[in-house]
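Take a look at the letters that make up each chain.
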Amino acid sequence: MKQLGYLDIHSHILPGIDDGSKDWEMTKQMLKMAYEQGVRQMIATPHNYPGNHKQDNEKIKRLAKEADKLAKQIAPDFQVFCGNEVFYRRGIEEEIERGHVLTMAGSRYILVEFYPNEQYGKIYQGLKELVEEGYYPIIAHMERVHALFGDESKVHEIIKMGISVQVNSESLMGGVFDRRSARLRKYIESGMVHFLGSDCHNLKERPPMMKDCVEKLYKKLPSTCVDRLLYENREHLFKYK
């Protein structure tokens, strides 16, 4: 199934809109690198913060369309969609309705970021409210959220509620003695991780890396587990619009 290419659900490739790509030249190079890494679909997810930090989402949509044109110049089967990495706060569902928050590729899925030290009770309640409003939250880079990453039972609990989990590809690149990578592989094998994202911000320190991670997963885990992570779950994302 590798010939199908990968979906990168978490990226900061749009120029000058957050702490990701600085200009169109960097965006073009990041897209080239992503395609070489096997990515065929990318969701641009600029940070969306509360308060006075709201992004101009009409501008984000325009930038995403331009990025998609650049992707098509690289290869006709390369697509760029837009969304947000939404820092959690109360009332996200109302902000979606007002157009202040973008869902993932126009779907009912929303990528939600939490403080690393956020209390589990607040995480659970916030996600529950989004589900009750008919959205499908995806927890951004779950491995950074201490209340979840270190407690498998809590991950099970939120998944049962209808929550999806995203992890960063770079977090899976550790060696034999890397406990974080080993725990994440265990979560993937148990079906407790639903999406991969590069969380790319630039070309060097945080590049759009995917292929190296995927190849490592196929070596260490049953192919059915990796296929489920890469291909089955993305069908649901593009289905629920």
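For the structure itself, look to the data block above.
Below, the structure is looked at part by part. Going along each chain's sequence as written, the residues are numbered from 1 onward. Given that the model is predicted, a residue must reach a pLDDT of at least 70 before its local features are reported, and side-chain atom pairs must reach 80 or more before they are shown or counted; all residues, however, enter totals for whole chains, interfaces and linings. Water and hydrogen atoms play no part in the side-chain values, which are based on all heavy atoms of the structure.

**Description of the sheet that holds strand 6 (residues 109-113)**
Here's step 1: Strand order in the open sheet made by the six strands is 3-5-6-7-8-9, with parallel pairing throughout. Strands at the two margins of the open sheet, each flanked by one partner only, are strand 3 (47-48) and strand 9 (195-197).
Here's step 2: Summarising the sheet, strand 3 and strand 5 (residues 85-87) pair through two bridges and their orientation is parallel. Bridging from a neighbouring strand, Asn-48 pairs with Val-86 of strand 5. Strand pairing is defined by DSSP finding a minimum of two bridges between the two strands. A run of H or I in DSSP counts as a helix once it spans at least four residues, and a run of E counts as a strand once it spans at least two, with each numbered from the N terminus.

**What to know about the packing of aromatic side chains**
Here's step 1: Each Phe, Tyr or Trp ring, with Trp reduced to its six-membered ring, pairs with another whose centre is within 6.5 Å; inter-plane angles below 30 degrees give stacked pairs, above 60 give edge-to-face pairs, and intermediate values give tilted ones. Following the criterion strictly, the structure yields nine aromatic pairs and no others.
Here's step 2: With centroids separated by 5.3 Å and ring planes inclined at 50 degrees, the aromatic side chains of Tyr-35 and Phe-78 adopt a geometry described as tilted. Placement of the pair is Tyr-35 in helix 1 (residues 24-36) and Phe-78 in the loop between helix 2 (57-74) and strand 4 (79-82), with a sequence separation of 43 residues.
Here's step 3: Assessed through its relative accessible area of 0%, Phe-78 is described here as buried.
Here's step 4: Taking the centre distance of 6.2 Å and the plane angle of 85 degrees together, the rings of Tyr-109 and Phe-195 count as edge-to-face. A residue pair is termed long-range when its members are at least 10 positions apart, and Tyr-109 in strand 6 and Phe-195 in strand 9 qualify at 86 residues. The same class applies to Tyr-109 as to Phe-195, namely buried.
Here's step 5: By way of ring pairs, the aromatic residues Tyr-49, Phe-87 and Tyr-115 are connected into one cluster.
Here's step 6: Residue placement shows Lys-154 over the ring face of Tyr-120; its charged tip is 5.2 Å from the ring centre. Think of it in three bands: residues with accessible area under 20% of the maximum for their type are buried, residues over 50% are exposed, and the middle band is partly exposed, with areas taken using a 1.4 Å probe on protein chains only. Consider the ring centre and the ring normal. A charge sits over the ring if Lys NZ or Arg CZ is within 6 Å of that centre and within 35 degrees of that normal.

**A few points about the pairing of strand 7 (residues 136-139)**
Here's step 1: Of the strand pairs in this sheet, strand 6 and strand 7 are connected by four bridges, and their pairing is parallel. By the bridge assignment for strand 7, Val-112 is matched with Ile-139.
Here's step 2: We call a crossover right-handed when, viewed with the strands running away from us, the connection from the first strand over the helix to the second turns clockwise. Remark: the strand 6/helix 4 (residues 120-132)/strand 7 crossover connection has right-handed handedness.
Here's step 3: Direction of pairing for strand 7 relative to strand 8 (residues 164-168): parallel, over a ladder of two bridges. Note that in strand 8 the partner of Ile-138 across the bridge is Ser-164.

**Points about the packing of helix 8 (residues 211-220) against helix 9 (residues 223-239)**
Here's step 1: As a rule, the C-alpha atoms of each element are fitted with a line to give its axis, helices using only the stretch in contact, and angles between N-to-C directions run from 0 to 180 degrees. Contact geometry for helix 8 and helix 9: axes closest at 8 Å, N-to-C directions at 150 degrees. One element, helix 8, and the other, helix 9, form an angle in the roughly antiparallel class. Contact residues: Val-214, Leu-217 and Tyr-218 in helix 8; Ser-223, Val-226, Asp-227, Leu-229, Leu-230 and Tyr-231 in helix 9. Each angle is binned into one of four classes, with values under 35 degrees roughly parallel, values over 145 roughly antiparallel, values of 65 to 115 roughly perpendicular, and all other values oblique. Only heavy atoms enter the contact rule, under which two residues are in contact if any of them lie within 4.5 Å.

**Description of the sheet that holds strand 4**
Here's step 1: Read across the sheet, three strands follow the order 1-2-4 without closing on themselves; strand pairing throughout is parallel. Looking at the sheet topology across the chains shown, the edges are occupied by strand 1 (6-11) and strand 4. Averaged over neighbouring strand pairs, the angle between their axes works out to 20 degrees when direction is ignored.
Here's step 2: Of the pairings in the sheet, the one linking strand 1 to strand 2 (residues 39-44) comprises four bridges and is parallel in character.

**What to know about the nonpolar core**
In globular proteins that are soluble, nonpolar side chains generally tend to be buried together.
Here's step 1: We call a set of buried residues a nonpolar core when its members are Ala, Val, Leu, Ile, Met, Phe, Trp, Tyr or Cys and they connect through side-chain atoms within 4.5 Å of each other. Counting 65 residues, the largest nonpolar core has Ile-13, Phe-78, Ile-139, Leu-148, Leu-196 and Leu-217 as its most contacted members.
Here's step 2: Per-element accounting of this core gives the leading share, six residues, to helix 2.
Here's step 3: Core analysis: the next-biggest nonpolar cluster, separate from the first, contains 12 residues, Ile-9, Phe-81, Ala-105 and Ala-140 among them.

**What to know about the side chain of His-141**
Here's step 1: Checked against the element boundaries, His-141 lands in the loop between strand 7 and helix 5 (146-149).
Here's step 2: On the basis of relative accessible area, His-141 is assigned to the buried category, the value being 2%.
Here's step 3: Polar contacts here mean pairs of N or O atoms no more than 3.5 Å apart (in protein, one a potential hydrogen donor and the other a potential acceptor; neighbouring residues in sequence count only if both atoms are side-chain atoms). At 3.1 Å, the side chain of His-141 and the side chain of Glu-85 are in polar contact.
Here's step 4: Ignoring any residue separated from it by four or fewer positions in sequence, one finds His-141 in contact with His-10, Glu-85, Glu-113, Gln-166, Val-167, Asn-168 and Asp-199.

**Some points on the pairing of strand 1**
Here's step 1: Along strand 1, six of the six residues are buried, which leaves the element largely enclosed by surrounding structure.
Here's step 2: Read as a crossover between parallel neighbours, the route from strand 1 over helix 1 to strand 2 is right-handed.

**Brief notes about empty space enclosed by the protein**
Which parts of space are left empty comes out when a probe the size of a water molecule is rolled across the atoms.
Here's step 1: The method works on a 1 Å grid over the protein atoms by themselves. A cavity is a set of points holding a 1.4 Å probe that cannot get out, a pocket is an open set with protein on both sides within 12 Å along at least five of seven lines, and residues with an atom within 4 Å of a point line them. Grid points are joined across faces, edges and corners, and a volume is the space filled by probe spheres set on the points. Counted under the stated rule, the structure contains one cavity of 30 Å³ or more.
Here's step 2: Volume-wise, the largest cavity comes out at about 60 Å³.
Here's step 3: Lining the largest cavity are Leu-7, Phe-195, Leu-196, Leu-229, Leu-230 and Arg-234.
Here's step 4: Put simply, the parts of the chain that give the lining of the largest cavity at least two residues each are strand 9 and helix 9.
Here's step 5: Among the elements that take part in the lining of the largest cavity, helix 9 stands out by supplying three residues, more than any other.
Here's step 6: In terms of residue class, the lining of the largest cavity is made up of five nonpolar, no polar and one charged. Following the grouping adopted for this structure description, the nonpolar residues are Ala, Val, Leu, Ile, Met, Phe, Trp, Tyr, Cys and Pro, the charged ones are Asp, Glu, Lys and Arg, and the polar ones are all others, Gly among them.

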